[in-house]
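Chains, contacts and geometry: an overview
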Amino acid sequence: MKLSAFFLGAALAPFLLQPAAAVEVAVIYEGFPGYAGCKERADMQRVIELAEQYDLEAAREIIRRGLKSKDCRVLGGDIIVELIPPFSRLVKVHMRGDPDAYWILQ
């Protein structure tokens with residue numbers, strides 16, 4: 001299923017409005033528009049756990065470290081949804097033309 005970043009944001013907006021902390025984590029890295037995503041699901045799950053505890057600085061630090069190690073990146077442009085696991089707050093996606101998959105917040 002192909003969705004542009006605009007449509008993906010609109011489709012996921014009801015989920016992003018749940019806890020206020022999760023909204024801030026979705027735009028985690030200032031200066032980069034798009035969705036922060038990590039290759040490892042466990043990394044993004046930890047971001048959610050920290051955000052639910054309102055420790056946004058620790059959640060941002062996971063993303064910063066991932067950006068440095070290239071395990072995480074900011075996704076934009078055409079995003080293709082690969083998997084939406086039931087009862088999860090994460091979605092597996094990839095950017096058009098990039099074979100690497102990333103987990104982002106719903």
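Read on for a plain summary of the structure. Since we're looking at a predicted model, the values are computed, not measured.

**Brief notes about the overall build of the protein**
Check the secondary structure of the protein and you find four helices and six strands. The secondary structure elements of the protein, listed N-terminal to C-terminal, are β-α-α-β-α-α-β-β-β-β. Per-residue burial for the protein yields a buried fraction of 42% across its 106 residues. Considering only contacts within the protein whose residues lie at least 6 apart along the sequence, 56% involve residues at least 24 apart. Here the protein has roughly 6000 Å² of accessible surface; of this, 58% comes from carbon and sulfur atoms.

**Structural notes on the packing of helix H3 (residues 41-52) against helix H4 (residues 56-69)**
Interaxial distance between H3 and H4 falls to 8 Å at its minimum, and their mutual angle equals 165°. Classed by the angle they form, the pair H3 and H4 counts as roughly antiparallel. For the pair H3 and H4, the sense of crossing is left-handed. Packed against H3, whose contacting residues are Asp43, Met44, Arg46, Val47, Leu50 and Ala51, the element H4 presents Leu56, Ala58, Ala59, Ile62 and Ile63 at the interface.

**Details of the environment of Leu67**
By the element assignment, Leu67 lies in helix H4. Considered as a pair, Leu67 and Cys38 are 29 residues apart in the sequence and their alpha carbons are 8.7 Å apart.

**Section: the environment of Ala42**
By the element assignment, Ala42 lies in helix H3. For Ala42 and Trp103, which are 61 residues apart along the polypeptide, the C-alpha to C-alpha distance reads 9.1 Å.

The rules we used
- Residues numbered from 1 in each chain as written.
- Predicted model: local features only at pLDDT ≥ 70, side-chain atom pairs only at ≥ 80, totals over all residues.
- Heavy atoms only, no water.
- Helix = DSSP H or I, 4+ residues; strand = E, 2+ residues; numbered from the N terminus.
- Buried < 20%, exposed > 50% of the residue type's maximum accessible area, 1.4 Å probe, protein only.
- Contact = heavy atoms within 4.5 Å.
- Areas by Shrake-Rupley, 256 points an atom, 1.4 Å probe, with all protein chains shown as cover.
- Axes fitted to C-alpha atoms, helices over the stretch in contact; angles between N-to-C directions.
- Parallel < 35°, antiparallel > 145°, perpendicular 65-115°, else oblique.
- Left-handed = near helix turned anticlockwise from the far one by under 90°.

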